[in-house]
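What follows is each chain in one-letter form.
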Amino acid sequence: MGRAVATALAVLAALTGCTVQTPEGEGEGGRRPPVHVELPGGTPSPTRTPGGGDGTPPGADGKPRTPSRVLWSYGDTGRDVRELQARLRQVAWLFEGPTGTYDERTREAVSGFQGRRGLARTGVTDAVTWQRLLGMTREPGRWDLYLMGGQPADRPDPRCTEGRVLCIDKTSRTLRWMIDGRTVSTMAVRFGSEYTPTREGVFSVYWKSRHHVSTLYDSPMPYAMFFSGGQAVHYSADFAARGYAGASHGCVNVRDEAAIAELYAQVRDGDKVVVSW
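Reading the values: the criteria
Sequence positions are assigned chain by chain, starting from 1 and proceeding in written order. Thresholds applied to this predicted model are a pLDDT of at least 70 for local features of residues and 80 or more for the giving and counting of side-chain atom pairs; totals over whole chains, interfaces and linings are not thresholded and use all residues. Excluding hydrogens and water, the side-chain figures rest on all heavy atoms present in the structure. Any two cysteine sulfur atoms lying within 2.5 Å of each other are counted as a disulfide. Partly exposed describes any residue whose relative accessible area lies between the buried limit of under 20% and the exposed limit of over 50%, with all areas from a 1.4 Å probe on protein chains only and scaled to the type maximum. By convention a nonpolar core is built from buried Ala, Val, Leu, Ile, Met, Phe, Trp, Tyr and Cys residues, the set being connected through side-chain atoms within 4.5 Å. Labels follow the DSSP assignment, with helices taken as runs of H or I lasting at least four residues and strands as runs of E lasting at least two, numbered in each case from the N terminus. By the convention used here, residues are in contact when the closest approach between their heavy atoms is within 4.5 Å. A cavity here means a set of points on a 1 Å grid, drawn over the protein atoms and nothing else, where a 1.4 Å probe fits but cannot get out; a pocket is an open set with protein on both sides within 12 Å along at least five of seven lines, and a residue lines either one if it has an atom within 4 Å of a point. Grid points are joined across faces, edges and corners, and a volume is the space filled by probe spheres set on the points. Under the convention adopted here, Pro, Cys and the residues Ala, Val, Leu, Ile, Met, Phe, Trp and Tyr are nonpolar, Asp, Glu, Lys and Arg are charged, and Gly plus all remaining residues are polar. What the arc covers is the set of directions going from the helix axis to the C-beta atoms.

1. Brief notes about the state of the cysteines
Logical step 1: Applying the stated criterion to the full structure yields one disulfide.
Logical step 2: For cysteine 160, the disulfide goes to cysteine 167, at an S-S distance of 2.2 Å. Sign of the S-S torsion, about 80 degrees for the bond between cysteine 160 and cysteine 167, identifies this disulfide as right-handed. Residue cysteine 160 shares its accessibility class with cysteine 167, and that shared class is buried.

2. Quick notes on the nonpolar core
Logical step 1: Core analysis: the largest hydrophobic core is formed by 23 residues, its most contacted members being Leu166, Ile168, Leu175, Met225, Val233, Leu263 and Val273.
Logical step 2: Per-element accounting of this core gives the leading share, four residues, to helix α7 (residues 257-266).
Logical step 3: Leaving out residues up to four positions away in the same chain, valine 233 has contacts with Leu166, Ile168, Leu175, Tyr223, Ala224, Met225, Phe227, Val252, Val254 and Ile260.
Logical step 4: Among the nonpolar cores identified, the runner-up in size contains twelve residues, and Trp72, Val81, Leu84 and Trp130 belong to it.

3. Things to note about empty space enclosed by the protein
Logical step 1: With the rule as written, the count across this model stands at one cavity of 30 Å³ or more.
Logical step 2: A volume near 50 Å³ is recorded for the largest cavity.
Logical step 3: Looking at the largest cavity, the residues that line it are Ala153, Asp154, Arg155, Pro156, Asp157, Cys167, Ile168, Asp169, Ser172, Thr174, Arg176 and Ser276.
Logical step 4: For the lining of the largest cavity, the elements supplying multiple residues, two or more each, are β5 (164-169) and β6 (174-179).
Logical step 5: Ranked by the residues each element gives to the lining of the largest cavity, the list is headed by β5, at three residues.
Logical step 6: Here the residues of the lining of the largest cavity sort into four nonpolar, three polar and five charged.

4. Considering helix α4 (residues 127-134)
Logical step 1: Listed in full, the buried residues belonging to α4 are Thr129, Trp130 and Leu133. Projected onto a plane normal to the axis of α4, the buried residues spread over an arc of 100 degrees and lie on a single side.

5. Looking at the side chain of threonine 106
Logical step 1: Within the secondary structure, threonine 106 is located in helix α3 (residues 104-116).
Logical step 2: Not counting the four nearest positions on each side in its chain, threonine 106 is found in contact with Leu84, Gln85, Leu88, Leu94 and Thr101.

Spelled out as structure tokens, the structure:
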């Protein structure tokens, strides 16, 4: 009977990865032999993937690392996304915007940045990617964040609250089209440089020219609405292409052609123009 038990235990142990050892001096008539279990070694099975199980590479010690926290991904919007895009522009991984929307171009730029630095090319901005980008860039200024427009308008000048007014604010770089104190539309605008500044004050639209071309600079000024000498509100293809990296010769540039086309259709000769800081 004792031999049969020992044999059964040996078979069981072999199947379960254990070994059976019989102490010396104990034979078939002795007590039931003890079972000694040997634990499996630390070698991973061939199907085990090093890392966190989600593509996260292992640390230097070979142990799995906790996946980095995701900060922003495709479809996210807001000021933080603008900063991400502005910093990607600084390292030449993004050439458009910032727009404030995590779009396909932003995802491709993040993926390229990650791949160049040995990170997983997810296209998602996680904490590790963000810290690497922070270390390579400077804090963006306000107009880095709004290089191509999109900034919110400040409160309108008090002189804009009555009648039909093109209310132009140099501080927020915006134009409000207002009627009797109500804002009908708002758009980003650009001004002249320090050598050709846009004049400030209260004016009125005295001439509109849909397909105007500057006689002084031989440059197109579509949807021109003149308010002070040769200075006008008009569409600028250069502003649309370069944003605030450039400047006008004193005119108020608009980069959104659809917006100024609609504005041009509504503005009349004699409407007030207020340009202020």
